[in-house]
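The lines below spell out each chain.
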Amino acid sequence: MASVLGLAACGGGGGGTATGSQAPAASSGGKQQVEVFSWWTGPGEADGLKAMRKIFEEQNPNYTFFDAAVAGGSGDKAKALLQSKLQANTPPDTFQGHAGAELQGYIKAGNLEDLTALYDELKLKDVFPAQLVEQISVEGKIYSVPVNIHRSNVLWFNPAVLKEAGVAAAPKTIEEFLAALEKVKAKGKIPLSIGSEWTVTHLMESVLLGTLGADAYNALFKPGADWNSAQVGAALTNFAKIMEYAGDPQDDWQPAAKQVADGQAAFNVMGDWAYGYFHNPPEGGLGKKSKTDFDWAPAPGTEGTYLWLSDSFTLPKGAKNRDGALAWLKVAASKEGQDAFNPMKGSIPARKDADQSLYTDYLADALKDWSGDKLAGSIQHGVAVNQPWLAAINEAVGLYIGSKDVKALQQGLADAATANAQ
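Caption draft 1: Expanded view of the overall build of the protein. When helices and strands are tallied, the protein shows 18 helices and 15 strands. Overall, the protein is about 65 × 45 × 35 Å in size when its C-alpha atoms are taken along their principal axes. Counting over 422 residues, the protein shows a buried share of 59%. For the protein, the proportion of contacts with a sequence separation of at least 24, taken over those separated by at least 6, is 80%. Roughly 15,600 Å² of accessible area belongs to the protein as shown, and the carbon and sulfur atoms make up 51% of that amount. In the protein, 36 side chains carry a positive charge and 47 a negative one; their mean positions are 1 Å apart.

Caption draft 2: Looking closely at empty space enclosed by the protein. Within this structure, the stated rule accounts for three cavities of 30 Å³ or more. There is about 60 Å³ of room inside the largest cavity. As for the largest cavity, its lining consists of Leu192, Ser193, Ile194, Gly195, Thr199, Leu203, Trp253, Ala256, Asn268, Val269 and Met270. Counting residues per element, the ones that place at least two in the lining of the largest cavity are helix H9 (197–212), helix H12 (253–261) and strand E10 (265–269). Here the residues of the lining of the largest cavity sort into seven nonpolar, four polar and no charged.

Caption draft 3: Main features of the packing of helix H11 (residues 230–243) against helix H18 (residues 406–420). Contact geometry of H11 with H18 gives a least axis separation of 10 Å together with a crossing angle of 130°. By the angle between their directions, the pair H11 and H18 is classed as oblique. Once H11 is placed against H18, the crossing between them reads as right-handed. On the side of H11, the interface is formed by Val232, Gly233, Leu236, Thr237, Phe239 and Ala240, while H18 contributes Val406, Leu409, Gln410 and Leu413. When its residues are assigned to classes, the contact of H11 with H18 shows seven nonpolar, three polar and no charged.

Caption draft 4: Just the sheet that holds strand E9 (residues 190–192), in detail. Here we have four strands laid out as an open sheet, ordered E9-E10-E8-E11, and mixed in their pairing. The open sheet has two edge strands with one neighbour each: E9 and strand E11 (295–298). The mean inter-strand angle of the sheet, taken between neighbouring strand axes irrespective of direction, is 20°. Note: E9 against E10, two bridges, orientation parallel. Along E10, the bridge assignment pairs Ile190 with Ala265.

Caption draft 5: Here's a closer look at the sheet that holds strand E2 (residues 63–67). Strands sit in the order E2-E1-E3-E13-E6 across an open sheet of five strands; the sheet is mixed. This sheet does not close on itself; its edge strands, each paired only once, are E2 and strand E6 (145–146). In this structure, E6 lies alongside strand E13 (residues 311–313), joined through two bridges in antiparallel fashion. Following the sheet pairing, Pro146 is matched in E13 by Ser312.

Caption draft 6: Main features of the packing of helix H2 (residues 45–59) against helix H14 (residues 322–333). Packing of H2 against H14 leaves a shortest axis separation of 10 Å and a crossing angle of 120°. With respect to each other, H2 and H14 are oriented oblique. Between H2 and H14 lies a crossing of right-handed hand. Contacts from Leu49, Met52, Arg53, Ile55, Phe56 and Gln59 in H2 reach Gly324, Ala327, Trp328, Val331 and Ala332 in H14. Its residues assigned to classes, the contact of H2 with H14 comprises eight nonpolar, two polar and one charged.

Caption draft 7: Spotlight on the layout of surface pockets. One number sums up the size of the largest pocket: a volume of about 320 Å³. Lining the largest pocket are 20 residues, and of these Trp296, Ala297, Pro298, Glu303 and Asp369 sit closest to its centre. Of all the secondary structure elements, the ones that give two or more residues to the lining of the largest pocket are strand E8 (154–157), E11 and helix H16 (362–372). A per-element tally of the lining of the largest pocket places H16 first, with four residues. The class makeup of the residues in the lining of the largest pocket is 11 nonpolar, three polar and six charged.

Caption draft 8: Quick peek at the environment of Tyr245. Inspection of the secondary structure assignment puts Tyr245 in the loop between H11 and H12. Accessibility expressed as a relative area gives 14% for Tyr245, which makes it buried. Non-local contacts of Tyr245, meaning those with residues more than four positions away in its chain, are made with Leu178, Leu181, Glu182, Lys185, Pro191 and Leu192. Engagement of the side chain of Tyr245 in a polar contact is seen with the side chain of Glu182, the distance being 2.6 Å.

Caption draft 9: Representation of the environment of Asn218 in the model. Along the chain, the position of Asn218 falls in helix H10 (residues 214–219). Given a relative accessible area of 3%, Asn218 falls into the buried group. Sequence spacing of Asn218 and Gly233 is 15 residues, and the spatial spacing of their C-alpha atoms is 16 Å.

Caption draft 10: Local environment of the environment of Ala240. Here Ala240 shows up in helix H11. Residue class for Ala240 comes out buried when judged on its relative accessible area of 10%. When the C-alpha positions of Ala240 and Tyr106 are compared, they lie 34 Å apart, and in sequence the two are 134 residues distant. Residues contacting Ala240, with those up to four places away along its chain left out, are Tyr400 and Val406.

Basis of the calculations
Residues numbered from 1 in each chain as written. Predicted model: local features only at pLDDT ≥ 70, side-chain atom pairs only at ≥ 80, totals over all residues. Heavy atoms only, no water. Helix = DSSP H or I, 4+ residues; strand = E, 2+ residues; numbered from the N terminus. Buried < 20%, exposed > 50% of the residue type's maximum accessible area, 1.4 Å probe, protein only. Contact = heavy atoms within 4.5 Å. Areas by Shrake-Rupley, 256 points an atom, 1.4 Å probe, with all protein chains shown as cover. Lys, Arg positive; Asp, Glu negative; His and termini not counted. Charge placed at Lys NZ, Arg CZ, Asp CG, Glu CD. 1 Å grid on protein atoms, 1.4 Å probe; cavity = no way out; pocket = protein on both sides within 12 Å on 5 of 7 lines; lining within 4 Å. Points joined across faces, edges and corners; volume = space filled by probe spheres on them. Nonpolar A, V, L, I, M, F, W, Y, C, P; charged D, E, K, R; others polar. Axes fitted to C-alpha atoms, helices over the stretch in contact; angles between N-to-C directions. Parallel < 35°, antiparallel > 145°, perpendicular 65-115°, else oblique. Left-handed = near helix turned anticlockwise from the far one by under 90°. Pairing = 2+ DSSP bridges. Polar contact = N/O pair within 3.5 Å; in protein donor to acceptor, adjacent residues only side chain to side chain.

Below, the structure is given as structure tokens:
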């Protein structure tokens, strides 16, 4: 875990402190507009953002929330647009980013302000887990406020489809998973649903973890790691075997998850944001019943390890409404804000003092596992690798989807590590 937590410590610092003032941005009705940039547009995540927005506007009647969310799973489209805004010196007032290595590029480029003063003011180091504070610190400074903790390595499944196929329980090993996929295929259902290209990388990281184990997986992100090893080759062979059972790619993660909830597919490997989508009422989700319409387990081979990520918000240098952005960060950091957001989003709070009674069903399992499991950092969601490295990984995965060449995939991943390792 030290290797994962150490990633954010590489690279330069920079930025001022969360003090001072800047001319606010005006909006209609005399209120000052606060532009909040995220990729939370889908069911569940949009509901959580709406709940936190309500608190923000109630506590800050002089501000109006401007939702600058950009659709697209995993934030790939949002991050591309954000980069163009930063290069043009027209940053949003605050933007979402994954805690960890993903933020290193922004920090090195001098795009972010140091929020250590805000942490001291709000005593956040007392309410956030120490390992999380370490992960988001760079040379002793902190550049983001984490809103939540997500789990990447979740196997979602339809109990009725498994029963029909003669699969008694969620598979715990890669070998059991392959056997279950074959049984579902024989019944004419989709064994494994997938979405757009990033969801395949998301699947791959769970297969790497499930084959290698937590220690060997975390070691892949240390300097000098051997991505051409036989062990990585075996993991990618497992990945290729699993992908043979994948259905037609859907446009994004939601329609792929819906195939499971609707009984068209047996399995989907997706982060726990899917829980909000499955569980929330029909106006914001699918309104499905847990343990009946859908169920969950750790991805095969990963039981006892929490493959984690954290959504966070930042304070860009040059924000038009800097004070409004700080007001938003205070809500995002607060117990009230996190307890309003996370049950809707399908995640658990970053704070240690949140109201645990609000986290039931899947979320109760997640809270328990977060406190007891080994930790590993997500590749696709910004903990383990920086953005150039992730782009190279996604390129290798995209080529694999077309070629099905496992050796070329492994070489592509090795080349990505050589070129981009921190």
